[in-house]
Amino acid sequence: MRGTASPLLRAEAGRTLDQLGDPRPEVTTLEHMAFCLVPAGSFELGSNEKEDKDAYPDEAPRHTYDIPYAYGIGQYPVTQAQYQRFVEAEDGYTERDNWTDAGWTWRNSREVTGPEAYRDPFGLLNHPVVGVSWYEAQAFTVWLTRHAHAQGWLPSGWQVALHNEPEWEKAARGGHQLPLHVVVAPLAGFAEQTAPRISKQNPKPYRRYPWGADSDAQRMNYHSTGIGATSAVGCFPQGQSPYGAEELSGNVLEWSRSRWEEKYPYPKCSSRALHKREALESGSRRVLRGGAFDNIRQNVRAAFRLYNFPNYRDLSVGFRVVLLPPR
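First things first, this report covers the structure right here in the doc. Keep in mind it's a predicted model, so treat the numbers as computed, not measured.

**With respect to the sheet that holds strand β4 (residues 71–74)**
Taken in spatial order, the five strands make up an open sheet running β5-β13-β4-β1-β7, and their pairing is antiparallel. This sheet does not close on itself; its edge strands, each paired only once, are β5 (159–162) and β7 (184–186). Adjacent strand axes in the sheet meet at a mean angle of 35°, parallel and antiparallel pairs treated alike. Across two bridges, β4 lies against strand β13 (residues 321–324) in antiparallel orientation. Residue pairing across strands places Gly72 opposite Leu323, the latter belonging to β13. Where helix α5 (residues 134–150) meets the sheet, it contacts β5 and β13, and its direction lies at approximately 170° from that of β5. Sheet contacts for helix α6 (residues 165–173): β1 (34–38), β4, β5 and β13; angle to β4, the most-contacted strand, approximately 75°.

**Focus: the nonpolar core**
Judged by nonpolar contacts, the single largest core of 46 residues is most densely connected at Tyr83, Phe140, Leu144, Trp255, Phe319, Val321 and Leu323. The element best represented in this core is α5, accounting for eight residues. Look past the residues within four positions of Phe319 in its chain and what remains in contact with it is Pro77, Val78, Tyr83, Val129, Val132, Ala137, Phe140, Leu162, Leu253, Glu254 and Trp255. Core analysis: the next-biggest nonpolar cluster, separate from the first, contains 23 residues, Val38, Phe43, Tyr71 and Ala302 among them.

**As for α6**
Counting buried residues along α6, nine of its nine residues qualify, which places the element largely inside the surrounding structure. Turning to α6, its buried residues number three or more, namely Glu165, Pro166, Glu167, Trp168, Glu169, Lys170, Ala171, Ala172 and Arg173. At the N-terminal boundary of α6, the capping side chain belongs to Asn164, with an oxygen 2.8 Å from the backbone nitrogen of Glu167. Once α6 ends, the next one or two residues include Gly174, with phi positive near 90°.

**Let's talk about the side chain of Gln80**
Among the secondary structure elements, Gln80 is positioned in helix α3 (residues 80–88). Those residues in contact with Gln80 that sit more than four places away from it in its chain are Phe122, Gly123, Leu124, Leu125, His127, Pro128, Val129 and Val130.

**Some details on the sheet that holds strand β10 (residues 286–289)**
Ordered by their spatial adjacency, four strands build an open sheet running β11-β10-β9-β12, and the pairing between neighbours is mixed. Edge positions in the sheet fall to β11 (306–308) and β12 (317–319), since each has one partner strand and no second. On average, each strand axis in the sheet is inclined to that of its neighbour by 50°, with strand direction left out of account. Across three bridges, strand β9 (residues 253–259) lies against β10 in antiparallel orientation. Each residue of the ladder has a partner; that of Arg259, found in β10, is Arg286. Sheet strands in contact with α5 are β9, β10 and β12, and its direction is about 80° off that of β9.

**Some details on the pairing of β1**
Taken across its five residues, β1 has five buried, putting it largely inside the fold. Residues Ala34, Cys36 and Val38 point to one face of β1 and Phe35 and Leu37 to the other, with burial holding for every one of them. Pairing geometry for β1 and β7, over three bridges, is antiparallel. Opposite Cys36, over in β7, you have Val184 as the bridge partner.

What counts and how
Residues numbered from 1 in each chain as written. Predicted model: local features only at pLDDT ≥ 70, side-chain atom pairs only at ≥ 80, totals over all residues. Heavy atoms only, no water. Pairing = 2+ DSSP bridges. Helix = DSSP H or I, 4+ residues; strand = E, 2+ residues; numbered from the N terminus. Axes fitted to C-alpha atoms, helices over the stretch in contact; angles between N-to-C directions. Contact = heavy atoms within 4.5 Å. Core = buried A, V, L, I, M, F, W, Y, C linked by side-chain atoms within 4.5 Å. Buried < 20%, exposed > 50% of the residue type's maximum accessible area, 1.4 Å probe, protein only. Polar contact = N/O pair within 3.5 Å; in protein donor to acceptor, adjacent residues only side chain to side chain.

As structure tokens, this is what we get:
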């Protein structure tokens, strides 16, 4: 899949690989789930119509935002194979401690035992999991955090979480300074990584897409690519971000832990306003990032923001996780 073949051919190869048994542990297992290191530092969050003719009003004002900690962001969205471990676990869907109060009530009222089932290729194991609500995505992160601690994959204090808006957008655009080398490591052992000491100036701090200024059907699965469905993760390596994360534009929309508010700037780290913006027990609408396979170029940009209610499920909606250090 990592060649110069057309996107349609790569998508077909991904489906065939699933049928043969995808050998990539970073796609099919939890302990080898790949994470890209994002060093601490500032970046440009948001956009405006003067800089980007496709910008929406809720993306303004663009502002400098500082994330004072290094973290890991999933190289890919969570796959069907990885999510299935949660579905099949004895302490998964039926474990009360995984769920927020509202999520547990929703799960029981709907008798939910797994994601929505759609025709292939949406259900293929090497494709992003879709048809999951925000409640389910959040429950997965709680379950995986506990599982990772029990297995010794993560030290005490580290957690698996849904990304917030700044964590996602920095991973897509890059900070003001970029590491000279991309660092990608598995969940088991990622916490041992340290931020690279040598960095360079980001030549494109306001980039519209993870690779640059222009949309490109060779770099992402969106409407103009013509696939018309999700694709196996890893089909678009040319679309990777400055930190090595792939498919931040296109394929599936990604739930974040951020509550939807139209106003920017985003609250500063460790502020009381930030805790309110990311309160997990709130039943408010949640932000979705990244765009999906059926979105136009305007809606797969790095600054694009969307929202929906936490019980929303759709074949274009999945999620990606981050690894956060103790704070």
